[in-house]
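The residues making up each chain are set out below.
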Amino acid sequence: MIQDKLRGTGVALVTPFTKDAAVDYEALRKLLDFVLDGGVDYLVINGTTAESVTTTAEEKAKILQLVKQQVNGRVPLVYGLGGNNTQHVIDTIAATDLDGITAILSASPYYNKPSQQGIYQHYVHVANASPVPVLLYNVPGRTGSNIAPDTTVKLAGHDKIIGIKEASGNLEQCMYIAKHKPEGFMLISGDDLLTVPMTSFGAVGVISVLANAFPGKFSNMVRMALDGNYKDAAAVMLSFVDINPLMYEESNPVGVKAVLERFGVCSAQVRLPLVEASSGLKDRLNKLL
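Owing to the predicted nature of the structure, the values given are computational and were not obtained by experimental measurement.

Visitor: If you had to explain the overall build of the protein to someone new, which residues and values would you point to?
Guide: When its secondary structure is counted, the protein shows 14 helices and 8 strands. Over its C-alpha atoms the protein spans a radius of gyration of 18 Å, differing by no more than 12% from the 19 Å that the globule rule assigns to 289 residues. With respect to the three principal axes, the spread of C-alpha positions in the protein is 45 × 45 × 35 Å. Counting over 289 residues, the protein shows a buried share of 54%. The contacts in the protein between residues at least 6 apart in sequence include a share of 71% that link residues at least 24 apart. Accessible area of the protein: about 12100 Å², with a carbon and sulfur share of 52%. Looking at charge distribution, the protein has the averaged site of its 25 positive side-chain charges lying 1 Å from that of its 28 negative ones.

Below, the structure is given as structure tokens:
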């Protein structure tokens, strides 16, 4: 089953840039080796952590092909493909080489703030147009609207919609989905620090930012939780409590790129309107590391 392929830790890959803000393809190869050697279970390409709103269609295509070639089937691949113009998302699906892609991850429409019926119809049209299964992505802090849990459950009845990355931070909402979803529909944590508690009531893993920088430690935590070893998993989770907020203090992926630079994986460079981590943020990260 496709769902078995997307169990555990998916890493929402950053896009490395050179100091002049060009895509650093060699650093991307280094990042791929780093996270795969750490034991992550699958990769998410072109998600919001990848700064997908500021990479071009040509860059996205080249990144996708590079990842496919380097990974060479070792782990499943999920491709981020969403937007707030439904027809444009459909057209982009048609124009994207999804051969070898296990599923697409599609963020709920941002800025428009559609009604629940609008969100529902958006996803139905996207799923109908997609040649591969679709993962919903609920991240109200970025989109300005929430996919209500009953909307998620309704969408779960579509044969092409196989799960949701839930980043609302609302555990009660996540529990509602866990209780009412059909069997086989995947609840995936979209909040790194909520992964262990969400696993306790039915989540099958996480799509993680921290796993870019701590792939081994984070993946082991998730595996312990999925095995029911919540005591040890919680101990690892608590070790991330101080550093996790710094990942988002100056917006994602500014924080995690600063950590990756410290580890020698890629530069901390981001693209405008984001700016590189401030010296104060880097100092606090360095003290924690």
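Visitor: Give me the lowdown on empty space enclosed by the protein, citing residues and values where you can.
Guide: Scanning the entire structure with this criterion turns up 2 cavities of 30 Å³ or more. Of the voids in this model, the largest cavity is the one considered here, and its volume is about 90 Å³. Thr15, Ile45, Asn46, Ala50 and Ile63 are the residues nearest the centre of the largest cavity, which is lined by 13 residues in total. Elements represented by at least two residues in the lining of the largest cavity include exactly β2 (42-45) and α3 (57-71). With 3 residues, the top contributor of residues to the lining of the largest cavity is α3. The residue makeup of the lining of the largest cavity, split by class, is 9 nonpolar, 3 polar and 1 charged. Taken as a whole, the second largest cavity holds about 40 Å³ of empty space. Broken down by class, the residue content of the lining of the second largest cavity amounts to 5 nonpolar, 3 polar and 1 charged.

Visitor: Got a sec to walk through the layout of surface pockets? Specific residues and values, please.
Guide: There is about 960 Å³ of room inside the largest pocket. Around the largest pocket, the lining comprises 39 residues; the ones closest to its centre are Asn46, Ser52, Val53, Lys60 and Gly82. For the lining of the largest pocket, the elements supplying multiple residues, two or more each, are α3, β3 (77-80), α4 (86-95), β4 (103-107) and α6 (140-143). Looking at which element gives the most residues to the lining of the largest pocket, the answer is α3, with 5 residues.

Visitor: With reference to specific residues and values, describe the pairing of strand β5 (residues 134-138).
Guide: Counting buried residues in β5 gives 5 out of 5 residues, a clear majority hidden from the surface. Here β5 shows a buried face lined by Val134, Leu136 and Asn138 and a second buried face lined by Leu135 and Tyr137. Both β4 and β5 contribute to a ladder of 4 bridges, which runs parallel. Note on β5: the bridge partner recorded for leucine 105 is leucine 135.

Visitor: Please provide a residue-by-residue account of the environment of asparagine 72, values included.
Guide: Note on placement: asparagine 72 falls in the loop between α3 and β3. The exposed category is assigned to asparagine 72, whose relative accessible area is 63%. Put simply, asparagine 72 and glycine 100 are 28 residues apart on the chain and 9.4 Å apart in space, counted from C-alpha to C-alpha.

Visitor: Lay out the pairing of β4 in plain terms, naming residues and giving numbers.
Guide: Burial within β4 is extensive, with 5 of its 5 residues counted as buried. Here β4 shows a buried face lined by Ala103, Leu105 and Ala107 and a second buried face lined by Ile104 and Ser106. Here β3 runs beside β4; their pairing, made up of 3 bridges, is parallel. If you follow valine 78 over to β4, its bridge partner there is alanine 103. Considered for its hand, the β-α-β crossover made up of β3, α4 and β4 is right-handed. Running through helix α5 (residues 116-129), the crossover from β4 to the neighbouring parallel element β5 is right-handed.

Visitor: Residue-level account of unusual backbone geometry, with values.
Guide: At the junction of asparagine 252 and proline 253, the peptide bond is cis and its omega measures out at 10° in the coordinates. Among the secondary structure elements, proline 253 is positioned in the loop between α12 (244-248) and α13 (254-262). Along the chain, leucine 272 connects to proline 273 via a cis peptide bond; the corresponding omega equals 15°. Note that proline 273 resides in the loop between α13 and α14 (279-288). Phi is positive for asparagine 72, close to 55°, though the residue is something other than glycine. At serine 251, a position not held by glycine, the phi torsion is positive, near 85°. Position of serine 251 relative to the elements: it lies in the loop between α12 and α13.

The rules we used
Residues numbered from 1 in each chain as written. Predicted model: local features only at pLDDT ≥ 70, side-chain atom pairs only at ≥ 80, totals over all residues. Heavy atoms only, no water. Helix = DSSP H or I, 4+ residues; strand = E, 2+ residues; numbered from the N terminus. Rg over C-alpha atoms; globule rule 2.2 N^0.38 Å. Buried < 20%, exposed > 50% of the residue type's maximum accessible area, 1.4 Å probe, protein only. Contact = heavy atoms within 4.5 Å. Areas by Shrake-Rupley, 256 points an atom, 1.4 Å probe, with all protein chains shown as cover. Lys, Arg positive; Asp, Glu negative; His and termini not counted. Charge placed at Lys NZ, Arg CZ, Asp CG, Glu CD. 1 Å grid on protein atoms, 1.4 Å probe; cavity = no way out; pocket = protein on both sides within 12 Å on 5 of 7 lines; lining within 4 Å. Points joined across faces, edges and corners; volume = space filled by probe spheres on them. Nonpolar A, V, L, I, M, F, W, Y, C, P; charged D, E, K, R; others polar. Pairing = 2+ DSSP bridges. Right-handed = clockwise from strand over helix to strand, strands pointing away.

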